[in-house]
Amino acid sequence: MNTEQKDLWVSWDEYHRSIELLALKIHESGLQFDHILCLARGGLRIGDVFSRLFKLPLSILSVSSYRGSSGQDQGQIQIGGSVASVEKTLRGRVLLVDDLVDSGITFREVQPWLRKHYPEISDITSAVIWVKSVSVVVPDIYLEYLEGAPWIHQPFEIYDTLRLEEIGNADLSRN
């Protein structure tokens, strides 16, 4: 899988700064949105920060394609049955955010699903921190383009293998 580039290790500080830089890039684009829609789980933190920075309502769609004990086994995409939101309906211009585009299958499947289930959406703009060159989809806005398919070790991945019994003794490296 990782043929052209070594794994990318991201600290909490780098992760948060990347979210801020992506937000700044979107702001500088001049694009306007009515909603932030994040894909859970990877887009949750991004959606939360964007909702606060852009002063827009946050909606959440649960999507899963990675499974297994390490969370690194890619399977068939599963899309939740509905969008969770305090808004009555998802409409207008939507900023769709996630942490990364790996194969691109999630973004390729989610956008038609959203248009089918939420016909009042007038426009969807996609944004991620990282996009891999092997992806079948390139998001509208991204912070970093990565050659090949490096595994991106994000700081929250420690929780994929951490057992609750280990928390008292674990060094979670929260830098």
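Residues numbered from 1 in each chain as written. Predicted model: local features only at pLDDT ≥ 70, side-chain atom pairs only at ≥ 80, totals over all residues. Heavy atoms only, no water.

Caption draft 1: A look at the overall build of the chain. The secondary structure content of the chain amounts to four helices and eight strands. When the 175 residues of the chain are sorted by exposure, 43% land in the buried category. For the chain, long-range pairs separated by at least 24 residues make up 64% of all intrachain contacts whose partners lie at least 6 apart in sequence. Of the roughly 9700 Å² that the chain leaves accessible, carbon and sulfur atoms contribute 49%. (Helix = DSSP H or I, 4+ residues; strand = E, 2+ residues; numbered from the N terminus. Buried < 20%, exposed > 50% of the residue type's maximum accessible area, 1.4 Å probe, protein only. Contact = heavy atoms within 4.5 Å. Areas by Shrake-Rupley, 256 points an atom, 1.4 Å probe, with all protein chains shown as cover.)

Caption draft 2: Layout of the nonpolar core. Core analysis: the biggest nonpolar cluster contains 23 residues, and Tyr-15, Ile-26, Phe-50, Leu-95, Val-97 and Trp-130 have the highest contact counts within it. At the level of elements, α1 (12–29), β2 (35–40), α2 (44–54), β5 (92–101), β6 (121–132) and β7 (141–146) are the ones that each hand at least two residues to this core. Looking at which element gives the most residues to this core, the answer is α1, with six residues. Once you skip the residues sitting within four places of it in the chain, Ile-26 turns out to touch Leu-31, Phe-33, Phe-50, Phe-54, Leu-95, Ala-127 and Ile-141. With 20 residues, the next largest nonpolar core counts Leu-90, Trp-113, Leu-114 and Val-131 among its residues. (Core = buried A, V, L, I, M, F, W, Y, C linked by side-chain atoms within 4.5 Å.)

Caption draft 3: Inspection of the side chain of His-35 at higher detail. Note that His-35 resides in strand β2. At 3.5 Å, the side chain of His-35 and the backbone oxygen of Arg-91 are in polar contact. When residues no more than four places from it in sequence are discounted, the contact partners of His-35 are Pro-57, Ser-59, Glu-87, Thr-89, Leu-90, Arg-91, Arg-93, Val-94 and Leu-95. (Polar contact = N/O pair within 3.5 Å; in protein donor to acceptor, adjacent residues only side chain to side chain.)

Caption draft 4: Expanded view of α2. Among the residues of α2, Ile-46, Gly-47, Phe-50 and Ser-51 are the ones counted as buried. In a view along the axis of α2, the buried residues occupy a sector of 130 degrees, so they form one face of it. Of the residues one or two after α2, Lys-55 is the one with positive phi, at around 55 degrees. (Arc of directions from axis to C-beta.)

Caption draft 5: Inspection of the side chain of Ser-51 at higher detail. Looking at where Ser-51 falls in the secondary structure, it is placed in helix α2. A relative accessible area of 15% means that Ser-51 is categorised as buried. Reaching out from Ser-51, the side chain makes a polar contact with the backbone oxygen of Leu-56 at a distance of 2.6 Å. Those residues in contact with Ser-51 that lie beyond four places of it in its chain are Ile-36, Leu-56, Pro-57 and Leu-58.

The values are spatial; any link to function lies outside them.
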